[in-house]
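Examining the three-dimensional arrangement
Spelled out, the chains give:
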Amino acid sequence: MRILTASDRALLVEAADLDEAMRLNLAWEGLSGVVERVPGARAVLVRFDPLRVSATELAHTLAATEVDATRPPRTGEVTIPVQYDGEDLDEAASALGVSAEELVNRHLAADWRVAFSGFAPGFGYVVGSDPLFDVPRRSSPRTRVPAGSVALAGPFTGVYPRESPGGWQLIGRTDSVMWDIDRDPPALLAPGTAVRFERVRADARLSRNGDHRTHARRVMRQRADADADGPGFGTASAVEVVRPSLQLLVQDAGRPGFAALGVSASGAADRRAMRDANRAVGNADVAAVLESVGGAVLWFHGAGVAAVTGAIGALALIGAEGFARPILHGEPFATFDGDELTLGHPDRGLRYVIGVRGGVDVSPALGSRASDTLAGLGPEPLAAGAVLPIGEAAPHAVEPGAVPRDLPASGDVVELEITLGPRDDWFTADALEVLTAQEWTVTPRSDRVGIRLQGDAPLERSVDGELPSEGAVTGAIQVPPDGQPVLFLPDHPLTGGYPVIGALTDRSLDLAGQLPPGVRLRFAVQVRSDS
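We now turn to the structure provided with this report. Quick caveat: nothing in here was measured; it's all calculated off a predicted structure. (Residues numbered from 1 in each chain as written. Predicted model: local features only at pLDDT ≥ 70, side-chain atom pairs only at ≥ 80, totals over all residues. Heavy atoms only, no water.)

Counting secondary structure elements, the protein chain contains eight helices and 33 strands. For 531 residues, the compact-globule estimate of 2.2 N^0.38 gives 24 Å, and the C-alpha radius of gyration of the protein chain, at 24 Å, lies within 12% of that figure. Each principal axis of the C-alpha atoms in the protein chain carries an extent, and together these give about 75 × 55 × 45 Å. When the 531 residues of the protein chain are sorted by exposure, 55% land in the buried category. For the protein chain, long-range pairs separated by at least 24 residues make up 74% of all intrachain contacts whose partners lie at least 6 apart in sequence. As displayed, the protein chain offers around 22200 Å² of accessible surface, 51% of which is attributable to carbon and sulfur atoms. Mean positive and mean negative side-chain charge positions of the protein chain (49 and 70 charges, respectively) differ by 3 Å. (Helix = DSSP H or I, 4+ residues; strand = E, 2+ residues; numbered from the N terminus. Rg over C-alpha atoms; globule rule 2.2 N^0.38 Å. Buried < 20%, exposed > 50% of the residue type's maximum accessible area, 1.4 Å probe, protein only. Contact = heavy atoms within 4.5 Å. Areas by Shrake-Rupley, 256 points an atom, 1.4 Å probe, with all protein chains shown as cover. Lys, Arg positive; Asp, Glu negative; His and termini not counted. Charge placed at Lys NZ, Arg CZ, Asp CG, Glu CD.)

Moving on, we come to the nonpolar core. Among the nonpolar cores identified, the biggest contains 34 residues, and Val46, Leu58, Phe116, Phe156, Tyr160 and Trp168 are the most heavily contacted of them. For this core, the secondary structure elements donating two or more residues are β2 (10-14), α1 (18-27), β4 (43-48), α2 (55-63), β6 (112-117), β7 (124-128) and β9 (149-153). Discounting residues that sit within four places of it in the chain, Val46 has contacts with Arg9, Ala10, Leu11, Val13, Trp28, Val34, Glu36, Leu58 and Leu62. Residues Leu89, Val135, Leu188 and Val195 belong to the second largest nonpolar core, which totals 28 residues. (Core = buried A, V, L, I, M, F, W, Y, C linked by side-chain atoms within 4.5 Å.)

Now for the sheet that holds strand β22 (residues 340-343). Strand order across the open sheet formed by six strands is β20-β19-β22-β17-β14-β24, with antiparallel pairing between neighbours. What marks the edges here is a single partner per strand, and that holds for β20 (324-325) and β24 (387-389). The sheet contact formed by strand β17 (residues 296-301) and β22 spans four bridges and is antiparallel. Each bridged residue has a counterpart across the sheet, and for Val297 the counterpart in β22 is Thr342. (Pairing = 2+ DSSP bridges.)

Strand order around the closed barrel formed by seven strands is β25-β32-β29-β30-β27-β26-β33, with mixed pairing between neighbours. When the angles between neighbouring strand axes are averaged without regard to direction, this sheet yields 40°. Here strand β29 (residues 476-478) runs beside strand β30 (residues 486-488); their pairing, made up of two bridges, is antiparallel. Of the residues in β30, the one forming a bridge with Ile477 is Leu487. Of the strands in this sheet, β25 (413-420), β26 (440-446), β32 (500-504) and β33 (520-525) touch helix α7 (residues 429-437), which is tilted by about 120° from β33. (Axes fitted to C-alpha atoms, helices over the stretch in contact; angles between N-to-C directions.)

Our next topic: α2. Here α2 has its buried residues at Ala55, Leu58, Ala59 and Leu62. One face of α2 carries all of its buried residues, which in axial projection span an arc of 100°. Considering only its buried residues, α2 is in contact with β1 (3-7), β2, β3 (34-39) and β4. (Arc of directions from axis to C-beta.)

Bringing the pairing of strand β14 (residues 238-243) into the picture now. In the case of a regular strand, side chains alternate between the two sheet surfaces. Here β14 runs beside β17; their pairing, made up of five bridges, is antiparallel. Directly across from Glu240, in β17, lies its bridge partner Trp299. Both β14 and β24 contribute to a ladder of three bridges, which runs antiparallel. Pairing of Glu240 across the sheet is with Val387, part of β24.

This brings us to the pattern of salt bridges. Following the criterion strictly, the structure yields 31 salt bridges and no others. A salt bridge links Glu36 to Arg47; the nearest nitrogen and oxygen atoms lie 3.1 Å apart. Taken together, the residues Glu36 in strand β3 and Arg47 in strand β4 connect sequence positions eleven residues apart. Of the charged contacts, one joins Asp88 and Arg142 as a salt bridge, the two residues approaching to 2.9 Å between their closest N and O atoms. Here the residue Asp88 occupies a position in the loop between β5 (77-82) and α3 (89-96), and Arg142 occupies one in strand β8 (residues 142-145), the gap between them amounting to 54 residues. Per residue, the accessibility class of Asp88 equals that of Arg142, and both read buried. Connected through salt bridges with shared partners, the residues Arg2, Glu14, Arg423, Asp425 and Glu470 form a single ionic network. (Salt bridge = Lys/Arg side-chain N within 4 Å of Asp/Glu carboxyl O.)

The subject of this paragraph is the packing of aromatic side chains. One pass over the structure, following the stated rule, counts eleven aromatic pairs. Here the aromatic rings of Tyr125 and Phe156 are separated by 5.5 Å at their centres, their planes lie at 90°, and the arrangement is edge-to-face. Of this pair, Tyr125 sits in strand β7 while Phe156 sits in strand β10 (residues 156-159), placing them 31 residues apart in sequence. Each of the two residues, Tyr125 as well as Phe156, counts as buried. (Phe/Tyr/Trp six-rings, centres within 6.5 Å; stacked < 30°, edge-to-face > 60°.)

Counting through the fold element by element, His60 comes out in helix α2. Judged by its relative accessible area of 58%, His60 falls in the exposed class. In the structure, His60 is positioned 351 residues away from Gly411 in sequence and 44 Å away in space, judged by C-alpha atoms.

Attention now goes to the packing of α3 against helix α4 (residues 100-109). Their axes nearest at 8 Å, the elements α3 and α4 cross at an angle of 85°. By the angle class used here, α3 and α4 are roughly perpendicular. Judged by residue contacts, Leu89, Asp90, Ala92, Ala93 and Leu96 of α3 engage Ala100, Leu103 and Val104 from α4. Its residues assigned to classes, the contact of α3 with α4 comprises seven nonpolar, no polar and one charged. (Parallel < 35°, antiparallel > 145°, perpendicular 65-115°, else oblique. Nonpolar A, V, L, I, M, F, W, Y, C, P; charged D, E, K, R; others polar.)

The structure is reproduced here in structure tokens:
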């Protein structure tokens, strides 16, 4: 096997084929120092804790693995009704040298099974028995693919669980619910599941497998919980959203460890700002906070303590009596019933973090209160009128004296440290030079999934063709065929099929979460001391 650097905290292990990748993934269950494993089409991404094991030590252990030759078992069967009316159906058929009707008929006739999960919760990579299906991805991914889209890429069929970006070829759509956190298991397409596709007429009502009832019960239960815990039904403090920002979310340290379900860690885009806010108000470092892209207005119910970290801009706290009280960035301040906090448009940085003593006490999903915008896990983006209860657990005293940070403004030049790999050998020598010598501009087409960069010279590949889907880390620099990179942030897909030329080091990730549009980036390659 070949073991490649995926970041300063991850290795990518190539396998001979899909079955070997599945067997290796199973063999490394419980391996010391390994945080998470993400299987792919012919590789396994292995994330590790450098305080417990070095990259060199782990690579030696992985290379010495003996795998069981037994094929991974199948686990049940699922039928998915499909309307074959996707906008890429004709293009995909032409690429395969068949008619659209033949493509559909062979898709229906093939034997399919779920090889692994990735990209997003409930997204199963379904491999078939017909060798016809080897479809190239789109040269440039769509920014929005509708939920339920049935799509092809490489040898796989996939169904998008929810609206998200994507570069697969769309051949149809289904109303089957791919992911429901109240279902056991939540993913309809779990690894090992046999899948049969069934054609339905364009005017037919597609089945939802009963999951709309589960969803309705969940919504009613969430509303009941919110009513029961709201400020009008008890003495607990709360924060109310008066005016949301471009994106106002609940975040915490995320939910690592669920890669097998296709669930990424997500969590705060600026972990340092989250820790600083929580320490200022006396919370545990990982307590839930609010993350605001741009300015917002919040209203406090009850007395408490809060702090604002992250992005730097004008802050104003107006009491119920109409008088302003001064507050400082990064410093804890008292809040009283009726206080209104206004966050101005950031002068530097992008994301404010608002910590409240006791933490934001919304219902967790898979053990975390983080809002994963790609997966649709955790609380929805907050709108005006949202009322968030505040918890009571604050184990520490408030901590004044936050360390100031130098965050960038639009137009500034920022240097981020990277490691090369795992697919730097897919690019020309000139491309590797351009990666570090050229400035890259942060475009407005950026969010928590990734930052789309624009450079004068695109990155040229030396290897043509498709890369089998494989795991990617937060901070990965993925390069679509147009040569303009995408820098992955916390809500990125677990797996992808565009080559990753490098990845940010862990200490550069927080700064990446604070890059406003217009910032110019330079990448500097970390000197490898342990590989």
